[in-house]
Amino acid sequence: MKPWEVVIGIETHAQLSTQAKIFSGSSTAFGATPNLQANAVDIALPGVLPVLNKGAVECAIRFGLAVGGTIAPRSVFARKNYFYPDLPKGYQISQYEKPVVLGGKLSIQVGESEKTVSLTRAHLEEDAGKSLHEGAAEIFQGRSGIDLNRAGTPLLEIVSEPDMRSAAEAVAYARALHALVRWIGICDGNMQEGSFRCDANVSVRPVGQTHFGTRREIKNLNSFRFMQQAIDYEVQWQIATLEEGGSIEQATVLFDPDSGETRAMRSKENAHDYRYFPDPDLLPLVIDRQWIEQIRLQMPELPAAQRDRLMADYGLSAYDAGVLTSSLELASYFEAAVAVAGQANAKTCANWVMVDLAARLNREGLEITDCPLSAARLGGLVARIADGTLSTKLGRKVFDALWSGEAVSADEVIAAQGLQQISDSGSLETLIDELLAANATMVAEFRAGKEKAFNALVGQAMKATRGKANPQMVSDLLRRKLA
């Protein structure tokens, strides 16, 4: 069988974090009773005119700056014409030939390697309504219904080049983009509520072939896990179809999480099918240099820049810095902890955040924003481990107490539970002398070459001090005396 190459491009709809819709004053709040947040403008009743939301434009500018794209000084809104029950206007206001952002790049991490994905464009548009089927019995008496609350919600559609060559790369790109739009504050990224939705254009071609194969678009992937599963299945299906002598037809497909399969929904349209033309009710969008520079001054430090700074300032590895800058909230938490623990202890702080804290958050289903343990308290705990007051093992006891709210600081827990580490060399030397005298057999076994006997002696010392002895000092003193 011939080797195949996978080609993937991603189209992402990010709902912009504005209080009102893109062309009307209707609320964008999630969860309202169906059709209470759709006004005359949203459904284009005769005589109404759309008015562009300035906040949505500023979100687009922020994104363009974040990815190094070209922000168009003049862009145009167009009508994308198609019929669907949740689009009562008969058209969607979008951008076609002249989008607000052109180009740009996004770096992704796939395992130990880094890759840059190029972006084609990002354009502003309005969302359509939503068809309700399951769970709509109470409102629509068991029938399917249409909720127009989403109609007119502002979206930024971000289109990548077909640069990805595996499902893993596609998921890494989607995760990086998800983190970025949340980082710069233009989208809350809530995939369950539909705020961040991805469509994957997937095709395969023989290795060495330069022109693309026929693509199929997997629509509305609302979780990274489903994206991985859907692309993997689609790739296998396309390869099997071609190897059996079949052909691939351009189509829009849906992913069924229950079966783990994709299935065709409709033949894939081309741009001319939508009969795009400039919207006669909207003037061209003009963005001057002064407006762009004003927004640039409001931008936070971007993930890539902060990752480089963490490596330079704190000596962290590229992997550690990448994990810690996976979200703005996590990066801020880490730096706040370091501010208390001291810059020299940054690596220890990173380990506690990425291992102990992350495991506890995951186990309890919490986000870093809901963490009951403040960064300052974790930093205080790390400081006590660094100065020898606590061992790492005792530190975990203090961590548990701080997490449950039993105390407000590591020092308070240490005092209340008598957890201070024993680091007095005189006391430890006396203890070890007694230990060696009482365990002559273990001493003999160690001197006969059995390293396990040494570990057993260390264990005896820690047991005798109820885990409070400085383990490194115990080890060093034992080896010196045994030698």
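Being a predicted model, the structure only gives us computed values, none of them experimental. (Residues numbered from 1 in each chain as written. Predicted model: local features only at pLDDT ≥ 70, side-chain atom pairs only at ≥ 80, totals over all residues. Heavy atoms only, no water.)

K.L.:
Go over the packing of helix α9 (residues 346-363) against helix α11 (residues 392-404) with me, naming the residues and quoting the values.
P.N.:
The N-to-C vectors of α9 and α11 enclose an angle of 45°; their axes lie 12 Å apart at closest approach. When the interaxial angle is binned, α9 and α11 end up oblique. Considering the relative orientation of α9 and α11, their crossing is right-handed. Along the contact surface, α9 presents Trp 352, Asp 356, Leu 357, Arg 360 and Leu 361, while α11 presents Thr 392, Gly 395, Arg 396, Phe 399, Asp 400 and Trp 403. Taken together, the residues of the contact of α9 with α11 sort by class into five nonpolar, two polar and four charged. (Axes fitted to C-alpha atoms, helices over the stretch in contact; angles between N-to-C directions. Helix = DSSP H or I, 4+ residues; strand = E, 2+ residues; numbered from the N terminus. Parallel < 35°, antiparallel > 145°, perpendicular 65-115°, else oblique. Left-handed = near helix turned anticlockwise from the far one by under 90°. Contact = heavy atoms within 4.5 Å. Nonpolar A, V, L, I, M, F, W, Y, C, P; charged D, E, K, R; others polar.)

K.L.:
Lay out the pairing of strand β8 (residues 113-126) with the relevant residues and their values.
P.N.:
Bridge analysis of strand β6 (residues 101-102) against β8 gives two bridges, and the strand direction is antiparallel. Residue Val 101 lies in a different strand from β8, and its bridge partner there is Ala 122. Summarising the sheet, strand β7 (residues 105-110) and β8 pair through six bridges and their orientation is antiparallel. Bridge pairing in β8 links Ser 107 to Thr 116. Between the antiparallel neighbours β7 and β8 lie two residues, among them Gly 111 with a positive phi of about 65°. As paired strands, β8 and strand β11 (residues 154-160) are joined by seven bridges and run antiparallel to one another. Among the inter-strand pairings, Glu 126 is bridged to a residue of β11, identified as Pro 154. (Pairing = 2+ DSSP bridges.)

K.L.:
Describe the sheet that holds strand β4 (residues 78-81), naming the residues involved and giving the relevant values.
P.N.:
Sheet architecture is open: three strands sit in the order β5-β4-β16, paired in antiparallel fashion. The strands lining the two open edges of the sheet, one partner per strand, are β5 (91-94) and β16 (277-278). The pairing of β4 with β5 spans four bridges and is antiparallel. By the bridge assignment for β5, Lys 80 is matched with Gln 92.

K.L.:
Give a detailed account of the packing of aromatic side chains, specifying residues and quantitative values.
P.N.:
If you walk through the whole model with that rule in mind, you get eight aromatic pairs. For the ring pair Tyr 274 and Tyr 276, a centre distance of 6.1 Å and an interplane angle of 70° mean the geometry is edge-to-face. Owing to a relative accessible area of 14%, Tyr 274 belongs among the buried residues under this scheme. The ring of Trp 237 has Arg 216 sitting right over it, with the charged end atom 4.1 Å from the ring centre. (Phe/Tyr/Trp six-rings, centres within 6.5 Å; stacked < 30°, edge-to-face > 60°. Buried < 20%, exposed > 50% of the residue type's maximum accessible area, 1.4 Å probe, protein only. Lys NZ or Arg CZ within 6 Å of the ring centre and 35° of its normal.)

K.L.:
Could you give an account of empty space enclosed by the protein, naming the residues involved and the relevant values?
P.N.:
All told, the structure shown has one cavity of 30 Å³ or more when counted by the stated rule. If you add up the space inside the largest cavity, you get close to 40 Å³. Asp 42, Asp 86, Leu 87, Pro 88, Lys 89, Glu 126, Asp 127, Ala 128, Gly 129, Ala 151 and Gly 152 together form the lining of the largest cavity. Residues of the lining of the largest cavity, tallied by class, amount to four nonpolar, two polar and five charged. (1 Å grid on protein atoms, 1.4 Å probe; cavity = no way out; pocket = protein on both sides within 12 Å on 5 of 7 lines; lining within 4 Å. Points joined across faces, edges and corners; volume = space filled by probe spheres on them.)

K.L.:
Lay out helix α6 (residues 303-314) with the relevant residues and their values.
P.N.:
Taking 1.5 Å per residue, twelve residues should reach 16 Å; α6 reaches 16 Å between its end C-alpha atoms and fits that length. Within the sequence span of α6, burial applies to Pro 303, Gln 306, Arg 307, Leu 310 and Tyr 314. Looking straight down α6, one finds that the buried residues subtend no more than 105° of arc, so they occupy a single side. As for α6, its buried residues are in contact with β8, α3 (167-183), α7 (318-324), α8 (328-341) and α9. Downstream of α6 by a residue or two, Gly 315 has a phi angle that is positive, lying close to 70°. (Expected span 1.5 Å × (residues − 1). Arc of directions from axis to C-beta.)

K.L.:
Quick one: what's the story with the layout of surface pockets, residue by residue and with numbers?
P.N.:
Reported here for the second largest pocket is a volume of approximately 1,600 Å³. Around the second largest pocket sit 44 residues that line it, and Ala 179, Gly 322, Val 323, Ser 326 and Ser 327 are the ones nearest its centre. Counting only elements with at least two residues in the lining of the second largest pocket, the list comes to α1 (54-67), β7, α3, α6, α7, α8 and α9. Looking at the lining of the second largest pocket residue by residue, the class counts come to 25 nonpolar, eleven polar and eight charged.

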